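Fold and geometry: a report
Listed below, chain by chain, are the residues.
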Amino acid sequence: EVQLVESGGGLVQPGGSLRLSCAASGFTFSDYVMTWVRQAPGKGLERVSTISLSGAPTFYEDSVKGRFTISRDNVKNTVFLQMNSLKSEDTAVYLCYFRTTSGSEYWGQGTQVTVSS
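Let us look at the structure shown here. Everything numeric here is computed off the predicted structure, so don't read it as measured data.

Let's shift gears to the side chain of R67. Within the secondary structure, R67 is located in the loop between strand 6 (57-60) and strand 7 (68-73). Among the polar contacts listed, one links the side chain of R67 to the backbone oxygen of S63, at a separation of 2.8 Å. Here S85 takes part through its backbone oxygen, which lies 2.9 Å from a polar atom of the side chain of R67. Beyond its immediate stretch of four places on either side in the chain, R67 contacts Q82, M83, N84, S85, L86, K87 and D90.

Right, here's the structure in full:
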């Protein structure tokens, strides 16, 4: 069974940092591009960052460039999102997902990030 389990969210003050993790199981993790998306209250899904099979970041949403860093560990089957200089507008539920070549999508349950003083 494919599982994606996010963790690392929480309440942080503006300017603070968090490191999100997405632990994968049930599939060959190293075979898939992985993506972090977020959904802010009352808004739609927004792609945050994508990472290639080999670990090269291939996409950052403009507002997170220079502040967020995506990485992966293909031994531990985990993708990370290091978030620095957090702003109130980063408040959202953060989810990881991947899409197979046949078009199936698999999502985690998400982890809440709240940036507030």
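Glancing now at the packing of aromatic side chains. For the structure on display, the rule yields 6 aromatic pairs. Look at F27 and F98: their rings are 4.2 Å apart centre to centre, the planes differ by 20 degrees, and that puts the pair in the stacked class. Here the residue F27 occupies a position in the loop between strand 3 (18-25) and strand 4 (34-39), and F98 occupies one in strand 9 (residues 92-99), the gap between them amounting to 71 residues. Accessibility classification places F27 together with F98 in one group, the buried group. Ring geometry for Y97 and W107: centres 4.4 Å apart, planes at 10 degrees, overall stacked. Here W107 lies in strand 10 (residues 105-107) and Y97 lies in strand 9, a separation of 10 residues in the sequence. Classification of W107 as partly exposed rests on a relative accessible area of 34%. Among the aromatic residues, those joined into a cluster by ring pairs are F27, F29, Y32, F98 and Y106. The ring centre of F80 lies 3.9 Å from the NZ or CZ of R19, which sits over that ring. Sitting over the face of the ring of F29, R72 holds its NZ or CZ atom 4.4 Å from the ring centroid.

Parameters and conventions
- Residues numbered from 1 in each chain as written.
- Predicted model: local features only at pLDDT ≥ 70, side-chain atom pairs only at ≥ 80, totals over all residues.
- Heavy atoms only, no water.
- Helix = DSSP H or I, 4+ residues; strand = E, 2+ residues; numbered from the N terminus.
- Polar contact = N/O pair within 3.5 Å; in protein donor to acceptor, adjacent residues only side chain to side chain.
- Contact = heavy atoms within 4.5 Å.
- Phe/Tyr/Trp six-rings, centres within 6.5 Å; stacked < 30°, edge-to-face > 60°.
- Buried < 20%, exposed > 50% of the residue type's maximum accessible area, 1.4 Å probe, protein only.
- Lys NZ or Arg CZ within 6 Å of the ring centre and 35° of its normal.

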